[in-house]
Amino acid sequence: MKTIAVLTSGGDAPGMNAAIRAVVRAGLDKGFKVMGIQRGYSGLINGEIFPMDRHNVADIIQRGGTILRTARCEEFKTEEGRKRGANILKTFGIDGLVVIGGDGSFAGAQLLSKLGIATIGLPGTIDNDLSYTDYTIGFDTAINTVLDAINKLRDTSTSHERVSIVEVMGRNCGDIALYTGLAGGAESIIVPEKGYNQDELCRTILEGKLRGKMHNLIILAEGIGGAEKLAKKVQDVTGIDTRATILGHIQRGGSPTCMDRVWASRMGYRAVELLQEGKSGKVVGVGNGQIIDMDIDEALAMPRKFDEKLYEIAKALSY
Ligand code: ADP
Ligand code: F6P
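Predicted model, so just to flag it, every value in this text is computed and none were measured.

## Description of the site of ligand 2
The full set of residues close to ligand 2 is R72, T125, I126, D127, M169, G170, R171, E222, H249 and R252. Contact distances for ligand 2 include 2.4 Å between an oxygen atom and a side-chain N or O atom of E222. Separating an oxygen atom of ligand 2 from a side-chain N or O atom of R252 is a distance of 2.8 Å. Out of a free accessible area of 400 Å², ligand 2 has 75% covered by protein chains. Taken together, the residues of the shell around ligand 2 sort by class into two nonpolar, three polar and five charged.

## Quick notes on the site of ligand 1
Residues in contact with ligand 1 amount to 16 residues; listed here are only the nearest, R72, C73, G102, D103 and S105. D103 is positioned such that a nitrogen or oxygen atom in its side chain is 3.0 Å from an oxygen atom of ligand 1. A distance of 3.0 Å separates an oxygen atom of ligand 1 from a polar atom in the backbone of G104. Its free accessible area being 550 Å², ligand 1 has 83% of it covered by the protein chains.

## Considerations on the UniProt feature "binding site: ATP" (unreviewed entry) in the protein
The positions UniProt marks with the feature "binding site: ATP" (unreviewed entry) are G11, R72, C73, G102, D103, G104 and S105. In sequence the annotated residues extend across 95 residues, while in space they remain close, none of their C-alpha pairs exceeding 13.9 Å. Tracing the chain through its elements places G11 in the loop between β1 (3–8) and α1 (16–29). With residues near it in sequence (within four places) discarded, G11 still touches M16, R72, G124 and R252. With respect to the element layout, G102 can be found in the loop between β4 (96–101) and α4 (103–113).

About the thresholds
Each chain has its residues counted from 1, following the order in which its sequence is written. Chain letters and ligand numbers both follow the written order, the letters beginning at A and the numbers at 1. In view of the model being predicted, local features appear only for residues whose pLDDT reaches at least 70, and side-chain atom pairs are presented and counted only at 80 or more, with totals across whole chains, interfaces and linings using the full set of residues. Calculated side-chain values reflect all of the structure's heavy atoms, with hydrogen atoms and water omitted. Proximity is defined per residue: any heavy atom of the residue falling within 4 Å of a molecule or strand makes that residue near it. Polar contacts, as used here, are pairs of N or O atoms within 3.5 Å; protein pairs need one atom able to donate a hydrogen and one able to accept it. Residues neighboring in sequence count only if both atoms are side-chain atoms. Here, Shrake-Rupley sampling with a 1.4 Å probe gives the accessible areas, and only protein chains in the shown set may cover a residue. Gly is placed with the polar residues, together with every amino acid not listed as nonpolar (Ala, Val, Leu, Ile, Met, Phe, Trp, Tyr, Cys and Pro) or charged (Asp, Glu, Lys and Arg). UniProt positions are given in the numbering used here, feature names are shortened, and annotations may be inferred rather than shown by experiment. Elements are defined by DSSP. Helices are runs of H or I of four residues or more, strands are runs of E of two residues or more, and each kind is numbered from the N terminus. In this description, contact between two residues means that some pair of their heavy atoms is separated by no more than 4.5 Å.

Set out below in structure tokens:
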């Protein structure tokens, strides 16, 4: 293998740039020619490919977003689209590809590996929704962004003795809500993995007020959603002034935390090592504090585990 390439796909995540930098510099260090592909699979199909050197990735480790841009590409979900992508890679002499993205991007990478391109996936998503790895690039930055917002909302909620409902991202995964709910001292955490009962929630809020709570903070995962509607319901039932805040895409930006930069660098380096070893159809991740790798098929087939213990702890500590 002489030439490798890297792309970012799906939703961006802070730390993707650190991963790109690691792939490029590790690749060059190991004697590969390294190419960058812009706009994910869409750019691949359109041949948006350029050579990368050390300078292309200078001054990016601290930046959010992705210098390669990202995209969602329906055409790549078709056999024809993927064949076009594989042919483009062959035309550019690229034999190995590192895909930084979430489970959708990995599904594409897996199919590409079956067309003769060595592919390695790196978990890049704020959602932390990939079962095979304890950690995804961007999650740590996102939860710290949410925590900062929660701290600020707590100030104003306390002053006004209000209920504050904060809706956070995470698609069908409640990890962002769970971690920030615990760390932010939320009274209630609502995640798709557990569901919730509105009457019970209102009762908890009223009981909290009777015990002297000055505010009530509820973290709601987008997988359940409906923050505005819920705020109205809570206000109607409890009589307590209630506000909803949907944090939205602010959670996807910002300078990556140290943790995101370090894991992204380690995983990027490992991806290049795997290509050097002639491996394909693998994903890199973190297990028990160590870098791991696994077949993409196996990784995608793993059922998601919700951290019941963390949920239990958050609940017990919220009174
Ligand atoms: P993420 O990678 O963050 O989960 P998406 O699910 O949007 O984001 O997937 C990103 C891109 O990966 C899609 O736009 C598409 O190009 C490709 N992709 C997703 N699912 C598949 C699939 N089943 N087969 C081939 N390509 C896929
Ligand atoms: O997967 C990351 C994520 O930010 C999810 O948390 C959210 O549901 C989705 O992407 C939003 O996607 P878009 O960028 O299309 O608004």
